[in-house]
Amino acid sequence: MQKKLPERVDFLKQVERNASFEGVWPVSGLERLAEAICNDRGEVAARLKFGIRAGTPCLDGHVQADLELRCERCLDQVKQHIESDFRFGLITSEDEADLLPKEFEPLLVSESEQSLVELVEDELLLSLPIVARHDDQCSEILQKHKQNDEAQQETHRPFAALKDLMG
Ligand SMILES: [Zn+2]
């Protein structure tokens, strides 16, 4: 089993330490994400690396999870693999955002501990598809509906009945 991510860290201290974190967090512990999807089973995995690149304190990361979303066609659950890579440039005031090289997304950090887990959650929320769908076949429920429709069409053929009468 993979170990849990630390919930909160001091980002700037982790930059000084060139710290890396690799771990997981239960989906049930991510309220906003759990609300956006079908159920809160499973966990999200993240790799996070603090350091200095191009003279900029930064945080590189990768997050991934297999989440159960709602299929917009059959309304049943559809499992989707969600993943995202990101590179944040850490800034301590809004003004610094303009000075960042453009490969960095600005991330405002405080001088104290802040949530690592929320950052992972935000990244996953941003990576959720706008609509989710089963790739080819939808759920059995929908398949059954279809079969029922077809069966009903079979029995509603007036001319077939007429033919029987005449025969
Ligand atoms: Zn479906």
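These remarks concern the structure in this document. Every chain is numbered independently, its residues counted from 1 as its sequence is written. Where local features are concerned, this predicted model is filtered to residues with pLDDT of at least 70; where side-chain atom pairs are given and counted, the filter is 80 or more; whole-chain, interface and lining totals use all residues. With hydrogens and water set aside, each side-chain value is computed from the structure's full complement of heavy atoms.

Only DSSP runs of H or I reaching four residues or more are called helices, and only runs of E reaching two or more are called strands; each is numbered from the N terminus. Check the secondary structure of the chain and you find five helices and seven strands. The order of helices and strands in the chain, counted from the N terminus, is β-α-β-α-β-β-β-β-β-α-α-α. Within the chain, the fraction of its 167 residues that count as buried is 38%. The contact definition used throughout considers only heavy atoms, calling two residues in contact when any of these lie within 4.5 Å. Sequence-distant contacts, at least 24 apart, represent 57% of the contacts inside the chain between residues at least 6 apart. As displayed, the chain has an accessible area near 11,000 Å², and 48% of this comes from carbon and sulfur atoms. Only protein chains enter the accessibility calculation, which uses a 1.4 Å probe. A residue is then buried if its area is under 20% of the maximum for its type, exposed if over 50%, and partly exposed in between. Areas reported here follow the Shrake-Rupley algorithm with a probe of radius 1.4 Å; residue values treat only the protein chains shown as occluding.

Attention shifts here to unusual backbone geometry. Positive phi values are uncommon outside glycine, yet Ala-54 reaches one of about 50°. Relative to the helices and strands, Ala-54 resides in the loop between strand 3 (43–53) and strand 4 (56–70).

This part is about the coordination of the zinc ion. When four donors bind a metal tetrahedrally, each ideal donor-metal-donor angle is 109.5 degrees, and when six bind octahedrally, the ideal angles are 90 or 180 degrees. Ligating atoms shown are N, O and S within 2.8 Å of the metal, or 3.2 Å for Na, K and Ca, and water is not included, meaning a site may look less than complete. Note on the zinc ion: its protein donors are Cys-71 (SG), Cys-74 (SG), His-134 (ND1) and Cys-138 (SG). The metal-donor distances range over 1.9 to 2.4 Å. All geometry calls rest on donor angles, where a four-donor set with angles between 85 and 135 degrees is tetrahedral, four- and six-donor sets with opposite donors more than 155 degrees apart and all others between 65 and 115 are square planar and octahedral, and all else is irregular. With four donor atoms in place around the zinc ion and angles of 105 to 117° between them, the coordination shape is tetrahedral. Taken in sequence order, the residues that donate to the zinc ion follow the motif C-x2-C-x59-H-x3-C. You can see Cys-71 sitting in the loop between strand 4 and strand 5 (77–91) and its partner His-134 sitting in the loop between helix 3 (116–127) and helix 4 (140–155), a full 63 residues away along the chain.

Two strands qualify as a pair provided that DSSP identifies no fewer than 2 bridges between them. Bridge count between strand 4 and strand 5: 13 bridges; the pairing is antiparallel. Bridge pairing in strand 5 places His-62 opposite Asp-85. Sheet topology note: the strand 5/strand 6 (residues 105–108) ladder contains four bridges and is parallel. The residue bridging Gly-89 from the neighbouring strand is Pro-106, located in strand 6.

With seven bridges joining them, strand 2 (residues 20–26) and strand 3 adopt antiparallel strand pairing. By the bridge assignment for strand 3, Gly-23 is matched with Ala-46. Of the pairings in the sheet, the one linking strand 3 to strand 4 comprises 10 bridges and is antiparallel in character. Note on strand 4: the bridge partner recorded for Val-44 is Ala-65. If you look at the hairpin formed by strand 3 and strand 4, you'll find two residues sitting between the two strands, and Ala-54 has a positive phi there, around 50°.

So, about the environment of Leu-5. Within the element layout of this structure, Leu-5 appears in the segment before strand 1 (8–10). With relative accessibility at 4%, the residue Leu-5 sits in the buried group. Sequence spacing of Leu-5 and Phe-21 is 16 residues, and the spatial spacing of their C-alpha atoms is 6.9 Å. Excluding its chain neighbours within four sequence positions, the residues that come into contact with Leu-5 are Phe-21, Glu-22, Gly-23, Val-24, Trp-25, Ala-46, Leu-48 and Val-120.

We now examine the sheet that holds strand 5. With mixed pairing, the five strands of this open sheet are ordered in space as 2-3-4-5-6. On the outer flanks of this sheet lie strand 2 and strand 6, each paired with one strand and no other. Between one strand axis and the next, the sheet turns through 30° on average, direction left out of account. Lying over the sheet, helix 3 contacts strand 2, strand 3, strand 4, strand 5 and strand 6, oriented at roughly 125° with respect to strand 5. To get an axis, fit a line to the C-alpha atoms, keeping to the stretch in contact for a helix; angles then go from 0 to 180 degrees between the N-to-C directions.

Working definition: rings of Phe, Tyr and Trp (its six-membered ring) pair if their centres are within 6.5 Å, and the pair is stacked with planes under 30 degrees apart, edge-to-face with planes over 60 apart, and tilted otherwise. Tallied over the full model, the rule gives three aromatic pairs. For the pair Phe-11 and Phe-50, a centre-to-centre distance of 5.3 Å together with 75° between the ring planes defines the contact as edge-to-face. With a gap of 39 residues between them, Phe-11 in helix 1 (residues 11–17) and Phe-50 in strand 3 connect regions that are remote in the sequence. For the pair Phe-11 and Phe-50, one class covers both residues: buried. Residues Phe-86 and Phe-88 carry aromatic rings whose centres are separated by 5.3 Å and whose planes lie at 45° to one another, so their mutual orientation is tilted.

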